[in-house]
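# Understanding the architecture of this molecule
Each chain is listed here by its residues.
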Amino acid sequence: MTSPHEASKVAPTIAIVAAEWNDFIVSKLIAGSLETLAQRGIRSEEVPVYRCPGSFEIPVTAQRVIAGGSVQAVICLGVVIKGDTAHFEYVSEPLAHGLMQVSLSTGIPCIFGVLTTYTIDQALERAGGALGNKGAEAAETALSMIRLLSS
């Protein structure tokens, strides 16, 4: 049994679930998350990264990751770009609802780090460009939620 002092030294258990689609952007979000976690003392080797085909598949992948282990939070990363069809709406809304459902049913935060933009340029600006890196922000949110739910 660990003492409270020792327990405070144990790194949080966090997983990343990321879409393979739009990998040239998603990979920047993953890097931002891992860099932020590393700055907080969590080595990238301690953070499993699960890749699913697209953003629509993130909720079921996050659910399976939670069911299979002892994670305290799942950082969910992807990119959905509006384009000229209704595909954007068919992916974005169910994705958001699915992640909320997984979070509520499991009690494990699924952090929404999925970019939903109108253009590729907007996505790039949010993946390490002038508007920062939303993957890094998602990592900070995961750590904040772990602290909140552990208190």
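Scroll up a little and you will see the structure.
Residues numbered from 1 in each chain as written. Predicted model: local features only at pLDDT ≥ 70, side-chain atom pairs only at ≥ 80, totals over all residues. Heavy atoms only, no water.

Another point: the state of the cysteines. The full count for this structure, using the stated rule, is 0 disulfides. The thiol sulfur of Cys 110 is not disulfide-bonded, and the nearest other cysteine sulfur, from Cys 76, lies at 4.8 Å. (Disulfide = S-S within 2.5 Å.)

Before going further, it helps to examine the environment of Val 47. Tracing the chain through its elements places Val 47 in the loop between α2 (23–39) and β2 (49–52). Under the relative-accessibility criterion, Val 47 is labelled buried at 5%. Put simply, Val 47 and Pro 12 are 35 residues apart on the chain and 9.7 Å apart in space, counted from C-alpha to C-alpha. Setting aside residues up to four positions removed in sequence, Val 47 forms contacts with Ile 14, Ala 15, Ile 16, Leu 34, Leu 37 and Ile 42. (Helix = DSSP H or I, 4+ residues; strand = E, 2+ residues; numbered from the N terminus. Buried < 20%, exposed > 50% of the residue type's maximum accessible area, 1.4 Å probe, protein only. Contact = heavy atoms within 4.5 Å.)

Before going further, it helps to examine the packing of aromatic side chains. When we look at a pair of aromatic rings, we describe it by the centre distance and by the angle of the planes. Considering all chains together, one arrives at 1 aromatic pair under this definition. Judged by centre distance (6.4 Å) and plane angle (25°), the ring pair of Phe 88 and Tyr 118 falls under stacked. Taken together, the residues span a long stretch of sequence, with Phe 88 in helix α4 (residues 87–106) and Tyr 118 in the loop between β4 (110–117) and α5 (120–125) at a distance of 30 residues. The class for Phe 88 is buried, based on a relative accessible area of 12%. (Phe/Tyr/Trp six-rings, centres within 6.5 Å; stacked < 30°, edge-to-face > 60°.)

Viewed as axis vectors pointing N to C, helix α3 (residues 58–67) and α4 meet at an angle of 20°, and their least axial separation amounts to 8 Å. Relative to α4, the element α3 is oriented roughly parallel. Both α3 and α4 take part in a crossing whose hand is right-handed. Across the interface between the two elements, Ile 58, Pro 59, Ala 62, Gln 63 and Ile 66 from α3 touch Leu 95, Gly 98, Leu 99, Val 102 and Thr 106 from α4. (Axes fitted to C-alpha atoms, helices over the stretch in contact; angles between N-to-C directions. Parallel < 35°, antiparallel > 145°, perpendicular 65-115°, else oblique. Left-handed = near helix turned anticlockwise from the far one by under 90°.)

Following the sequence through the fold, Thr 117 ends up in strand β4. Judged by relative accessible area, Thr 117 falls into the buried class, the value being 4%. Along the chain, Thr 117 and Lys 82 lie 35 residues apart, while their C-alpha atoms are 6.1 Å from each other. Setting aside its immediate chain neighbours within four residues, Thr 117 contacts Val 80, Ile 81, Lys 82, Phe 88, Gln 122, Ala 123 and Arg 126. From its side chain, Thr 117 meets the backbone oxygen of Thr 119 in a polar contact 3.0 Å long. (Polar contact = N/O pair within 3.5 Å; in protein donor to acceptor, adjacent residues only side chain to side chain.)

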